[in-house]
Amino acid sequence: YLIDATARHIGAGINAISQELFTSTLKPETDHIVFIVSAKMSVKSVESLQTIANLMWTHHGWFIIIIPINMVQFNVLNHEKVPHHKIMTRDEIDAVNYRYCLKDSEYPSISRFDSAARAIGMRPGDICKINRKSTTAINAPYYRRCDTLV
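Residues numbered from 1 in each chain as written. Predicted model: local features only at pLDDT ≥ 70, side-chain atom pairs only at ≥ 80, totals over all residues. Heavy atoms only, no water.

**Student:** Give me the lowdown on the overall build of the protein chain, citing residues and values where you can.
**Tutor:** A count of helices and strands for the protein chain gives five helices and seven strands. The order of helices and strands in the protein chain, counted from the N terminus, is β-α-β-α-β-α-β-α-β-α-β-β. With the principal axes as the frame, the protein chain shows a C-alpha extent of 50 × 30 × 25 Å. When each of the 150 residues of the protein chain is scored for burial, the buried share is 37%. Of all intrachain contacts in the protein chain linking residues separated by at least 6 positions in sequence, the fraction that spans at least 24 positions is 66%. Accessible surface, the protein chain: about 9,300 Å² in total, of which carbon and sulfur atoms supply 55%. Distance between charge centres in the protein chain, computed from 17 positive and 14 negative side chains, equals 6 Å. (Helix = DSSP H or I, 4+ residues; strand = E, 2+ residues; numbered from the N terminus. Buried < 20%, exposed > 50% of the residue type's maximum accessible area, 1.4 Å probe, protein only. Contact = heavy atoms within 4.5 Å. Areas by Shrake-Rupley, 256 points an atom, 1.4 Å probe, with all protein chains shown as cover. Lys, Arg positive; Asp, Glu negative; His and termini not counted. Charge placed at Lys NZ, Arg CZ, Asp CG, Glu CD.)

Take a look at the structure:
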């Protein structure tokens, strides 16, 4: 869906489209809806839409991604300054938790609206591994838990 209006007018539209798709075709546990918004929208309008997406997640478990159209035109993951991000499997998370004596809730947060998190489709609660370049270790892994409120 391409949205080219103000956030105030399309909030109800997003709700109606989401409700129609998730009740008829999509499965909330596994499927996403991606809305592409006009580049002309103000930052405040995009933030309002992100708030709507968070409410949909919190109340219904519907995972909605809102992306400005200019971000679709460039893959942020291909940028030389963006380290490799990968959503971890449950087995990988358990291994890291055991190695470092962690709980899932103890990982630092990454916003679900972070450019890289959106690009790899992170859902709240997912944990990703980020391989950053390091001057002393060549590559150093960092771990982040996706959060709705960051």
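**Student:** How would you summarise helix α2 (residues 43-60) if you had to cite specific residues and measurements?
**Tutor:** Between its first and last C-alpha atoms α2 spans 25 Å; for 18 residues at 1.5 Å apiece the expected length is 26 Å, and the two agree. Among all positions in α2, only S45, V46, L49, Q50, I52, A53, N54 and M56 are buried. (Expected span 1.5 Å × (residues − 1).)

**Student:** Residues and numbers for the packing of aromatic side chains, please.
**Tutor:** Counted under the stated rule, the structure contains three aromatic pairs. The interplanar angle of 15° and the centroid separation of 5.5 Å between the aromatic rings of F22 and W62 together place this pair among those described as stacked. Of this pair, F22 sits in helix α1 (residues 7-24) while W62 is found in the loop between α2 and β3 (63-68), placing the two residues 40 residues apart along the sequence. Like W62, F22 is buried. Relative to Y143, the ring of Y107 has its centre 6.3 Å away and its plane inclined at 70°; by these criteria the two rings are edge-to-face. Taken together, the residues span a long stretch of sequence, with Y107 in the loop between α4 (90-100) and β5 (109-111) and Y143 in strand β7 (residues 138-147) at a distance of 36 residues. For R132, the ring lying beneath its charged end belongs to Y142, and the centroid distance is 4.1 Å. (Phe/Tyr/Trp six-rings, centres within 6.5 Å; stacked < 30°, edge-to-face > 60°. Lys NZ or Arg CZ within 6 Å of the ring centre and 35° of its normal.)

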